[in-house]
Amino acid sequence: MPGNSFGHSFRITTWGESHGKALGVVVDGIPAGLELSEEDIQKDLDRRRPGQSEVSTPRSESDSVEILSGVIDGITTGMPVSMMVWNKNAKSSAYDYIKNIPRPGHADFAYTEKYGIRDHRGGGRSSGRETIGRVAGGAVARKLLSQKGIEVFAHVTELGGVKAKPLSFEEIRSNVDSNVVRCADPEAAEKMLEQVNKARFEGDSIGGIVEIIATGVPAGLGEPVFGKLDADIACAMMGIGAVKGVEIGAGFECAGMKGSQMNDPIILNNGKVTPANNNAGGITGGISTGMPVICRIAVKPTPSISKSQKSVDMAEMKEIDVEIHGRHDPTIPPRMVPVAESMMALVLTDHMIRSGRIGPDSLL
Ligand SMILES: Cc1cc2nc3c(=O)[nH]c(=O)nc-3n(C[C@H](O)[C@H](O)[C@H](O)COP(=O)(O)O)c2cc1C
């Protein structure tokens, strides 16, 4: 299994490298009859784009998307939709000095061990730029979900040890894009930004936590044993570079709780049976309960840092101290927000199609 595809009935295959000619995605399983334009995709890619603030890599790319197939007169035909973005601002020679030196914390060493060759230019396929294909595919998924009243949004809840205060969904939705760290709590956002600048000044990087929320998810999505909704979400999130932990609902905190605290009571609300609380994060037994789906991911500090670290020159087979210069995100969580939203949207769309709630072949 080459591992470049994700999903079952709604499936993306991403392709391309950070410093190759272009990157993109093939999305298969989009029902015919969906109105789809490059503008629909571009607005999500613009939220992912680098070079927009001091918390992002200065690499300047417009990331303008072209739809190559599967759409006629602005309507999907049911055939694979292929989308592409040209790389325009790659400076590959900046990576020459680490051609044979794996960056600690990055994928360089493991790729070399597995393939015996790697595209060292900007990390090749293990670069954050690979997420262009996920976000473009995710934009299609979000469009399908929005027609069913499902909305996915994410925000940074912790960065460099600074935690945001708990906020309502409405506050998160309206505040998340109001600052560069994408934290919906403005006071915490300021402190987070200070941590980013401090780390950058020290030649270091910081990590954090991103919370992803899906509202309007109907009860009944997910398969009981293999293909559980929470398992698919965990797979989707762990497949993003730099994600080291995933939790659903109460997550790791549940380990210290009693059953009486963790269990969500079931009540009658206007004649409807519903959980009264959401420690389960909207999923029990691998199947959605109709409550909001809530997931949090732990994002590690950016591996490429200018502080000196130990590595090995694998051509000369000698230990050296390496400082990584060039253009890197000083912190990844703010850039992770649109990517994680996209992965959640892809999983939910796949399950909506698998369960017959969308399509599968045509919306017409
Ligand atoms: C949106 C995004 C941006 C990223 N930016 C950088 C970066 O500028 N520099 C870097 O070294 N790693 C960056 N990464 C992280 C690497 O891609 C990741 O650490 C690497 O592929 C190794 O995978 P792992 O951390 O999951 O083990 C980024 C990841 C994402 C998702």
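Residues numbered from 1 in each chain as written. Predicted model: local features only at pLDDT ≥ 70, side-chain atom pairs only at ≥ 80, totals over all residues. Heavy atoms only, no water.

Draft legend 1. Representation of the packing of helix α1 (residues 38-48) against helix α3 (residues 131-146). Two elements in contact, α1 and α3, have axes whose closest approach is 9 Å; the angle formed by their N-to-C orientations is 135°. One way to sum up the angle between α1 and α3 is to call them oblique. For α1 against α3, the interelement crossing comes out right-handed. Counted together, D40, I41, D44, L45, R47 and R48 of α1 and T131, I132, V135, A136, A139, V140, R142 and K143 of α3 form the full contact between these two elements. Each residue belonging to the contact of α1 with α3 can be placed in one class, and the counts come to seven nonpolar, one polar and six charged. (Axes fitted to C-alpha atoms, helices over the stretch in contact; angles between N-to-C directions. Helix = DSSP H or I, 4+ residues; strand = E, 2+ residues; numbered from the N terminus. Parallel < 35°, antiparallel > 145°, perpendicular 65-115°, else oblique. Left-handed = near helix turned anticlockwise from the far one by under 90°. Contact = heavy atoms within 4.5 Å. Nonpolar A, V, L, I, M, F, W, Y, C, P; charged D, E, K, R; others polar.)

Draft legend 2. Helix α6 (residues 229-238), seen in detail. Taken together, the buried positions of α6 are L229, D232, I233, A236 and M237. Seen end-on, α6 carries its buried residues on one side only, within an arc spanning 130°. (Buried < 20%, exposed > 50% of the residue type's maximum accessible area, 1.4 Å probe, protein only. Arc of directions from axis to C-beta.)

Draft legend 3. Summary view of the sheet that holds strand β1 (residues 5-6). With antiparallel pairing, the five strands of this open sheet are ordered in space as β1-β2-β3-β7-β4. The open sheet has two free edges, formed respectively by β1 and β4 (65-67), since each of these has just one partner strand. Those strands touched by α1 are β4 and β7 (81-86), and its axis lies near 150° from that of β4. Where α3 meets the sheet, its contacts fall on β2 (11-16), β3 (22-28) and β7, and the angle it forms with β3 comes to roughly 35°. (Pairing = 2+ DSSP bridges.)

Draft legend 4. Just the sheet that holds strand β10 (residues 208-215), in detail. In space, the five strands of this open sheet follow the order β9-β8-β10-β16-β11, with antiparallel pairing throughout. If you trace the sheet from one side to the other, it starts and ends with β9 (162-163) and β11 (243-248), each paired once. Of the strand pairs in this sheet, β11 and strand β16 (residues 293-299) are connected by five bridges, and their pairing is antiparallel. Residue pairing in the sheet places V246 in a bridge with I297 of β16. Seen against the sheet, α6 touches β10, β11 and β16 and runs at an angle of roughly 160° to β11.

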